[in-house]
Amino acid sequence: MNRSVVLSETGNLSVRHQWGKFFQGLFLFSTVIGLIVLGILIVTVVDKTFTLVAVTNKVDPATLADRPLEELSEEELRQILRENLRPARLRTIERDQAPLDEMNQADLTALVTTEIVKPTTRASYPLFQSLTRRAEIEAEIRSEYPDAQIYFKAWLTWDFLQRSMSTKPDLAGVRQAVKGSLWIIFITILVAFPIGVGAAIYLEEYADHRSRINRILQTNIENLAGVPSIIYGILGLAVFVRTLALITSGAVFGVDAGSGRTILSGGLTMALLVLPILIISSQEALRAVPRSLREASYAMGATRWQTIWHHVLPYALPGILTGTILTVSRALGETAPLILVGASSLINKDPQSVFSFFTTLPFQIYNWTVRPQPEFRNIAAAAILVLLAVLLSLNATAIVLRNRLSKRI
Amino acid sequence: MSEQNLSNHFAIETRNLNLFYGNFRAVKDVNLQIVPRKITAIIGPSGCGKSTVLRSFNRMNDFVPGFHMEGEILFHGKNLYAPDVDPVQVRQYIGMVFQKPNPFPKSIYENVAWGARINGYKGNMDELVEGALRAAALWDEVKDNLKKSGLSLSGGQQQRLCIARALAVKPEIILMDEPCSALDPIATLKIEDLMRELSENYTIIIVTHNMQQAARASDYTAFFTMDEDRAGVMVEYGETSQIFTNPRDKRTEDYITGRFG
C-alpha cells in the first residue's frame, strides 16, 4: 500500500553501504600501492639503463685520420693499427682473433676503437636527470673533462647480450649469464617437476592423512618452503659440490670439470630449494579436484591409478603448472644459494654441458652492483631488464602451454 | 522360488547390516532383499542413512575415512565385503548415478566410451556408445554433437549421460542417489520414464527425498528413519502400493502423510 514505507530505510542500511564502500576503497588503494611500487622499480631500472655519458678518448680519432673511422678503407685501418700498436700486442690479437688481413671493415673499426682510441666513460647521468637538467650537467662535464664527448648511451644493446664478461663496464656483457640461467632453470625443472608432482600425488592421493608420520611429513614440507635459500646453498655445497663431486664434476662420466662447482650442482640445489613450494602448490591443485569427479570415475569401476591418470591429473594440471610457473620465477631470481654452490664471477666460456662452470643473471647483477665504478650500475640495470625479459618469456611459454592444456574441454 | 538358493534369488541381500563412521553407528541392523529387475526406492528423512546404505552396495564408502561395516551384503551369494573381493570389480557390476550430474570434462562420446575402455572392452566402441546413449534416451538429442563437451548439455541431459555412461560398463544393478534432486520437473519425469524402461534389464535402487517420485516410479519401497541413537533403521519394506496406501508402521504413515520429516 504505502510505497514509502516499503522502501524507507530500515536499520543501518546506509551505514552498511558506507562500510562496503570503505573496504572497496581500501582494496583499490592496496592495488594502487602495488602498481606504484612496480612502476618505481621499472622507472629506476630504465633510468639507469639509458644515460647521458661523458666519454673521453685516450687517442683522439681525429689525430689518426682526417676522416671519421667508419669512412676509412680496410687498408687505411690496418695501417693505423700497425703504426699505433706494439708488435707483441698485434701478434696477440692475430692469434686470439684473426689475422688483420682477413678482417673486414667493421671488425677493424672495432679493433681501432678498443685498442687505440680506448674510449672511457668518465661519468654517466641517469635518463630523467639528463633530460631535465641537461645544460647544468654539460657545464659540469665541460669543467671536469674539457675534451669529453657527451651523448646518450643505451647500455642495453644487442652487443650487450652477445658480449662476455669483462672487468671494463663498457665491454662487459651477459652472454654467459643468460645461458647459465637457462641451463640452471632447465635442470631445475627437469629434476623438480617430476619429483615434486610425484610427491604431491603420493601425499594427496595415496598417503593416509590421519597417520602421524604423514602429518609430520606434511608439516615439515610446509616448513621447508620457508627455509632461507642460503641454507639450501650450504646444503648444495656440502652434498653436491663436495660429497658428490665425482658425479657433479662429471669425473665418472669422463668429462672432468675439475670441481663440483658446475651447472649440475647449481641446478640440483635449485631443485631442492623449489621442491617444497612445488609440492605444496601441486597438492593444492590436486585437492581442488572435485570429489564428484573422483566418485564418477570410481563408480565406473576405475582403479585408483586410472582415476588419477585420466581425471585427477588432467583436472589439476593447470593448477600444477601455475605452481611451476611461480617456481621457475623463484629459481630464476635466486642468487644466494648459487654464490655458495660456486657461480663464477668472471667466466668467458659458454656453458657446454651440465658439467660446465656457470654464472647466472641475478648473480651477475649482484656482482656488478657491488663494484665501485658507477658504470657497473648501468650494466646491472641493463642486466635486470634482460632478467625481466627472460622471466617474462619463460612465464609466457608456460602460460600458453597451460591454457592449451586446460582448453582440451 | 523355494527350490532356488535364496541368496541367489535376490539382486542384493543385506543381513544384519551395520555401518559405522568411526565410532558412530550410522545404520543399524538392516535386513533388505532387493528384487532383481525391479525399481526399489529408499525413502526417509535426512540423515537416516539411506545414502550410506546405497553407497555400501558398491563400496563407495570405502573412501570415507573411518568407515567400516558389520554384517553381510550378498551379491550372487557372495559377501561384497569379503576379504577376497576387489571393490573395483564390485563397481563394474554395480554402477552408480549421483545426486548432482557429474559428467567427465570430456566429449559426450568419451564420457560413455571411457568406462568401457578402462574395463577392457574390445568390441566396436561406436556401437557400444550408440547403444548406451539410446538406452539412456539421449541418442537423438546428441547424435550430431558427440564431440561436444559433456558439460555443455543441460542438467537433465547430463544426468542421462551419466546413466548412459553407467550402462556402457554393462552393470547388473544401477544405484541412483537422489538423481533428480538437481533437475526440473520435466527432466525429472524423463529420468523416471527412463528408469521404468531400464528396469526391464537392470535392477535399480533409488534413494529419493521425493515421496511422489517413490510412489510413481518404484515397485518396492523401503522406509528408513532414525532411532534414539540417531542410527538409521529400516522401519518398513514392501511393495510400493502397500507402503503408500496401507503402511503397517505408524512412523511410516506419519512420514508419507507429511506429519514428520
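Summary of the structure given here. (Residues numbered from 1 in each chain as written. Chains lettered and ligands numbered in written order. Predicted model: local features only at pLDDT ≥ 70, side-chain atom pairs only at ≥ 80, totals over all residues. Heavy atoms only, no water.)

**Some details on the overall build of chain B**
Within chain B, the regular secondary structure consists of eleven helices and ten strands. By the compact-globule yardstick of 18 Å for 261 residues, chain B fits well, its C-alpha radius of gyration being 18 Å. Seen through its C-alpha atoms, chain B measures out along the principal axes to roughly 55 × 45 × 40 Å. Across the 261 residues in chain B, those meeting the buried criterion constitute 56%. Counting contacts in chain B only where the partners sit at least 6 residues apart, residues at least 24 apart contribute 67% of the total. (Helix = DSSP H or I, 4+ residues; strand = E, 2+ residues; numbered from the N terminus. Rg over C-alpha atoms; globule rule 2.2 N^0.38 Å. Buried < 20%, exposed > 50% of the residue type's maximum accessible area, 1.4 Å probe, protein only. Contact = heavy atoms within 4.5 Å.)

**Re the packing of helix α5 (residues 125-135) of chain B against helix α7 (residues 155-167) of chain B**
All names here are of chain B. With their axes 8 Å apart at the nearest point, α5 and α7 run at an angle of 130 degrees to one another. Judged on the interaxial angle alone, α7 and α5 are oblique. Of the two elements, α5 crosses α7, and the hand of that crossing is right-handed. Residues A132, L133 and A135 of α5 form the contact with α7, whose own contacting residues are L161, A164 and L167. Here the residues of the contact of α5 with α7 are counted per class, giving six nonpolar, no polar and no charged. (Axes fitted to C-alpha atoms, helices over the stretch in contact; angles between N-to-C directions. Parallel < 35°, antiparallel > 145°, perpendicular 65-115°, else oblique. Left-handed = near helix turned anticlockwise from the far one by under 90°. Nonpolar A, V, L, I, M, F, W, Y, C, P; charged D, E, K, R; others polar.)

**Details of the sheet that holds strand β1 (residues 50-57) of chain A**
Sheets are built from strands that pair by backbone hydrogen bonding, the pairs being arranged parallel or antiparallel. Residue and element names in this part refer to chain A. Ordered in space as β2-β1-β3, the three strands form an open sheet in which the pairing is antiparallel. Two strands bound the open sheet, and with one partner strand each, they are β2 (119-126) and β3 (149-154). On average, each strand axis in the sheet is inclined to that of its neighbour by 35 degrees, with strand direction left out of account. Across six bridges, β1 lies against β3 in antiparallel orientation. (Pairing = 2+ DSSP bridges.)

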